[in-house]
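# Chains, contacts and geometry: an overview
This is what each chain is made of:
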Amino acid sequence: MSKQDLAKQRAAEAALEFLPDGEVIGVGTGSTVNYFIDCLGAARQRIAGAVASSVASAEKLAAQGIELVELNSVGTLSIYIDGADEATQHRQLIKGGGGALTREKIIAAASRKFVCIADESKLVGRLGTFPVPVEVIPMARSYVARQIVALGGRPTYRAGFVTDNGNIILDIHGMDILEPTQLEQTLNNIAGVVSNGLFAARGADLLLIGTSDGVRRIG
């Protein structure tokens, strides 16, 4: 196992401490979350089930014998556990490298506590090196791209990828993100945008950052 994978695993294992006994939890998507799902399999008796942010995570949870639950049937969740592509000390994030950003944002909004698990390479001084994913209604692809260019970004179409919601992804490169919350709102206000990968207005409540020495907590 590489040092980075070991750090991911450490962060994932640390999240088990926050499992609410007998409740349904929210589970995100991505490589670090996959480690968490593996860990969760051994602790599945502690929880009542899980709301998954993607088809891929749902399949992995089911394979671990964890009951899948629809968000509409449970309402507010105590906790949501997910990863990030970038994170700051202020617990603002870029997510959506795997394309599940909209469902991730919905579950995060519906949860009282959002615990973000990541390896130390994801911790940055300022967001924006990782491209910001934007989920877009297919017919609006060209229009949204032009609006993003007007904002100073370089949008690229994620070719061959369709979200679980049936939409496409534009990845925005080259944005100097000084005000993540403001940019998040600006992008959401473009007609045809479903959601974007900036998690600033509702960032993480706690970051668990896996390192070569252990796990660092921020929040």
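Our subject is the structure listed above.
Residue positions are given per chain, counting from 1 as you read along its sequence in written order. Owing to the predicted nature of the model, reporting of local features is limited to residues with pLDDT of at least 70; listing and counting of side-chain atom pairs is limited to 80 or more, with chain, interface and lining totals taken over all residues. The side-chain values count all of the structure's non-hydrogen atoms but skip hydrogen atoms and water molecules.

## A short note on the overall build of the protein
Heads up, the condition is: In this description a helix means any DSSP run of H or I spanning at least four residues, a strand means any run of E spanning at least two, and both kinds are numbered starting from the N terminus. Here the globule rule reads 2.2 Å times residues to the power 0.38, and the radius of gyration is calculated from C-alpha atoms. Three exposure classes are used, based on accessible area relative to the maximum for each residue type with a 1.4 Å probe and protein chains only: buried under 20%, partly exposed in between, and exposed over 50%. By definition in these notes, contact holds between two residues if any of their heavy atoms fall within 4.5 Å. Here, Shrake-Rupley sampling with a 1.4 Å probe gives the accessible areas, and only protein chains in the shown set may cover a residue. Only four residue types enter the charge count: Lys and Arg as positive, Asp and Glu as negative, with His and the chain ends excluded. Here the site of a charge means NZ on Lys, CZ on Arg, CG on Asp, or CD on Glu.
For the protein, the count of helices and strands is seven helices and 13 strands. Whereas a compact globule of 219 residues would reach a radius of gyration of roughly 17 Å, the protein reaches 17 Å, a difference of no more than 12%. Reported as C-alpha extents along the three principal axes, the dimensions of the protein are approximately 50 × 40 × 30 Å. For the protein, the residues scored as buried account for 53% of the 219 residues in total. A separation of at least 24 residues holds for 72% of the contacts in the protein among residues at least 6 apart in sequence. As displayed, the protein offers around 9700 Å² of accessible surface, 49% of which is attributable to carbon and sulfur atoms. For the protein, the distance from the average site of its 21 positive side-chain charges to the average site of its 23 negative ones is 3 Å.

## Remarks on the side chain of S54
Condition: We define a polar contact as two N or O atoms separated by no more than 3.5 Å, with the added condition that, inside protein, one atom must be a possible hydrogen donor and the other a possible acceptor, whereas residues neighbouring each other in sequence contribute only through side-chain atom pairs.
Within the fold, S54 resides in the loop between strand 2 (49-52) and helix 3 (55-63). At 2.7 Å, the side chain of S54 forms a polar contact with the side chain of T29. A polar side-chain atom of S54 sits 3.0 Å from the main-chain amide nitrogen of S57.

## A look at helix 7 (residues 180-188)
Because an α-helix completes one turn every 3.6 residues, residues spaced three or four positions apart along the sequence face the same direction. Worth spelling out the cut-off: The arc in question is the one spanned by the directions pointing from the helix axis to the C-beta atoms.
By the burial criterion, the buried members of helix 7 are P180, L183, E184 and L187. One side of helix 7 carries all its buried residues, which in axial view fall inside an arc of 105°. Here the buried face of helix 7 lies against helix 5 (101-109), strand 7 (132-136), helix 6 (141-150), strand 9 (168-173), strand 10 (193-196) and strand 11 (198-199).

## So, the pairing of strand 12 (residues 206-210)
Stated precisely, the cut-off is as follows: Only when DSSP finds a minimum of two bridges between them are two strands counted as paired.
In terms of residue burial, strand 12 counts as a mostly covered element, since five of its five residues are buried. Burial of the side chains of strand 12 extends over both faces: L206, L208 and G210 are buried on one face and L207 and I209 on the other. When strand 6 (residues 111-119) meets strand 12, the two strands line up parallel, connected through five bridges. In the strand pairing of strand 12, C116 is matched with L207. Inspection of the sheet shows strand 12 paired to strand 13 (residues 215-218) by four bridges, in the antiparallel sense. Bridge pairing in strand 13 links L208 to R217. Counted between consecutive antiparallel strands, the loop separating strand 12 from strand 13 contains four residues, among which G214 sits at a positive phi close to 155°.

## Re the environment of M139
You can see M139 is positioned in the loop between strand 7 and helix 6. Classification of M139 as exposed rests on a relative accessible area of 80%. Remark: the alpha-carbon pair of M139 and I168, spanning 29 residues in sequence, is separated by 9.6 Å.

## Quick word on the pattern of salt bridges
This is how the line gets drawn: Salt bridge, as used here, is a side-chain nitrogen of Lys or Arg placed within 4 Å of a carboxyl oxygen of Asp or Glu.
As enumerated under the stated definition, the model contains nine salt bridges in all. Residues R217 and E17 are paired through a salt bridge, measuring 2.4 Å at the closest nitrogen-oxygen approach. Note that R217 is positioned in strand 13 and E17 in the loop between helix 1 (3-15) and strand 1 (24-27), a separation of 200 residues in sequence. Residue R217 is classed as partly exposed on the basis of its relative accessible area, which comes to 46%. Classification of E17 as exposed rests on a relative accessible area of 51%.

In short, the description is geometric, and any link to function would need to be established separately.
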